[in-house]
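Coordinate analysis (summary)
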Amino acid sequence: MNAKNRLTATCAAAALIAASIAAGAASAADLVISNWDGYMAPDIADAFKAATGLEIEVVNHATNEEVMGKLMASGGKGYDVVFVSSPFAEILNGQGLAEPIDKAAVPNLANLYPEATTLAYDPGNTFSVPYTWGSTGLCYRSDLVEGTPDSWMNLLQPADALKGKTTMLATDRWLMAAGELAKGHSVNEKDPAKLEEVKNLLVEAKKTLLAYDDTTFYSKLVSGEASLVQAWDGWCNYGITENKDIKFVVPKEGSDLWIDTIVVMKSSENKEAAMKFIDFILDAKNHAWAAQNILYKVPNKAAMESLDKALAEQYPNMAMAPADLVKYELLRDLGTAQKDYSRIVSEIKAAN
């Protein structure tokens, strides 16, 4: 999962958007696909061409907001397939920019876990297909932390020995989620009084932090600079790769359920090829690449069952059953309340 910026509309951004759209429109490829860097196999273009004869061009976005800015500015033009997190897939559908999934053209949808076909933001996978999914929790050095941290309050009100040794995710939704879960609220909370309560908790927590960090928190654990961090499960796995004393736990108050999805743009001039691409990704062998290399769980039963059992032994959170994962609350589109989240997070970060 990648750090998120607020949508902006500066002249410089507009120029970049226009250039990007023009580049996409001028592409000789059959499909233009936007995804996070490293989120697909590096030879995906060659493999897809070998399987289908179709050419694809992959462009990278750093954040959901970055690609959403381009899509909103262009009405979706210039892109055929986009990878975005589920709340943003909801927005694309709500704006009429997402093409319905042609299920007859995507037979490998049958590889999905049943739980991945009844997700509240898109029951029946009508406009999106889940690519990866997971939880957010506490990643920690078991040799540096006494006992097992089993509560969000272990992070938000840490023991003296951990003060200055903790980090939290900087992104609005996940920073807020830690406080919301600690207070027993929804991760999609909109009530102003409850949001103020969460803000006050997070302002106090800021005083104990080493940093807000979306990208290097696991490296801080490896080096010992940090002892306890808020982390997406897959990113904690990167730390585990380098230090066996690093562990991941979902606190007793729970987690959000995050999902990254694949969406076909309604503006695509080659929807048939776009559906073929989704079907290609959902092939068990191809989808297993993400689990093996990104160390994220994928909602593909056939792919997960094909993995070497040693993977789950090294990274225990990879073994979480879908039935347990979907007990956590999905992040949803907040609508106008997103402005409240952005304002509150700005106030938290500006607080002394």
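Values in this document were obtained by computation on a predicted structure and should not be read as measured data. (Residues numbered from 1 in each chain as written. Predicted model: local features only at pLDDT ≥ 70, side-chain atom pairs only at ≥ 80, totals over all residues. Heavy atoms only, no water.)

**Quick look at the overall build of the chain**
Of regular secondary structure, the chain possesses 15 helices and 10 strands. Since a compact globule built from 352 residues should have a radius of gyration of about 20 Å, the 20 Å found for the chain is in line with a globular shape. With respect to the three principal axes, the spread of C-alpha positions in the chain is 60 × 50 × 35 Å. Among the 352 residues that make up the chain, the fraction classed as buried is 55%. The contacts in the chain between residues at least 6 apart in sequence include a share of 76% that link residues at least 24 apart. Accessible area for the chain stands at about 14,500 Å²; split by element, carbon and sulfur atoms hold 51% of it. For the chain, the centre of its 32 positive side-chain charges and the centre of its 46 negative side-chain charges are spaced 4 Å apart. (Helix = DSSP H or I, 4+ residues; strand = E, 2+ residues; numbered from the N terminus. Rg over C-alpha atoms; globule rule 2.2 N^0.38 Å. Buried < 20%, exposed > 50% of the residue type's maximum accessible area, 1.4 Å probe, protein only. Contact = heavy atoms within 4.5 Å. Areas by Shrake-Rupley, 256 points an atom, 1.4 Å probe, with all protein chains shown as cover. Lys, Arg positive; Asp, Glu negative; His and termini not counted. Charge placed at Lys NZ, Arg CZ, Asp CG, Glu CD.)

**Observations concerning unusual backbone geometry**
With phi around 50 degrees, Asn125 is a residue other than glycine that occupies positive phi space. Topologically, Asn125 is positioned in the loop between helix 4 (86–94) and strand 4 (129–141). Residue Asn125 is classed as buried on the basis of its relative accessible area, which comes to 5%. A positive phi angle, close to 65 degrees, is found at Leu295, a residue other than glycine.

**What about the packing of aromatic side chains?**
Counted under the stated rule, the structure contains 16 aromatic pairs. Judged by centre distance (5.4 Å) and plane angle (85 degrees), the ring pair of Trp36 and Tyr39 falls under edge-to-face. For Trp36, a relative accessible area of 4% gives the class buried. With a relative accessible area of 6%, Tyr39 lands in the buried category. With a centroid separation of 5.8 Å and 65 degrees between ring planes, the pair formed by Trp232 and Trp235 is classed as edge-to-face. Judged by relative accessible area, Trp232 falls into the buried class, the value being 0%. For Trp235, a relative accessible area of 13% gives the class buried. Between Lys349 and the ring centre of Tyr212, over which it is positioned, the NZ or CZ distance is 5.6 Å. (Phe/Tyr/Trp six-rings, centres within 6.5 Å; stacked < 30°, edge-to-face > 60°. Lys NZ or Arg CZ within 6 Å of the ring centre and 35° of its normal.)

**So, the confidence of the model for the chain**
Low pLDDT means the predicted atomic positions in that stretch should not be read closely. Averaged over every residue, the pLDDT of the chain is 92; the share at 70 or more is 92%. Here residues 1–26 is a poorly scored stretch, pLDDT under 50, and it has 42 contacts once near neighbours within four places are set aside; other chains count. (pLDDT = per-residue confidence, 0-100.)

**What about the state of the cysteines?**
Enumeration according to the criterion identifies 1 disulfide in this entry. In this model, Cys139 is linked to Cys236 through a disulfide, with the two sulfur atoms separated by 2.1 Å. Across the S-S bond linking Cys139 and Cys236, the dihedral sits near 80 degrees, which makes this disulfide right-handed. Of this pair, Cys139 sits in strand 4 while Cys236 sits in helix 9 (residues 233–242), and the two are 97 residues apart along the sequence. A relative accessible area of 0% means that Cys236 is categorised as buried. (Disulfide = S-S within 2.5 Å.)

**Some thoughts on the nonpolar core**
Considering soluble globular proteins, one finds that nonpolar side chains tend to be buried as a cluster. Grouped together as the largest cluster of nonpolar side chains are 116 residues, with contacts concentrated most on Val82, Phe83, Leu92, Tyr131, Met176 and Phe277. Non-local contacts of Phe83, meaning those with residues more than four positions away in its chain, are made with Ile33, Ser34, Asn35, Trp36, Met40, His61, Tyr131, Thr261, Ile262 and Phe277. (Core = buried A, V, L, I, M, F, W, Y, C linked by side-chain atoms within 4.5 Å.)

**Structural notes on the pairing of strand 7 (residues 228–232)**
Summarising burial for strand 7: 5 of the 5 residues are buried, a large majority. Side chains Leu228, Gln230 and Trp232 of strand 7 all project onto a buried face; the interleaved residues Val229 and Ala231 project onto the opposite face, where all are buried too. Judged from the 5 bridges that link them, strand 4 and strand 7 form a sheet pairing that is antiparallel. Residue pairing for strand 7: Tyr140 is matched across the bridge by Leu228. As paired elements, strand 5 (residues 166–168) and strand 7 share 2 bridges and run parallel to each other. Bridging across to strand 7, Thr167 finds its partner in Val229. (Pairing = 2+ DSSP bridges.)

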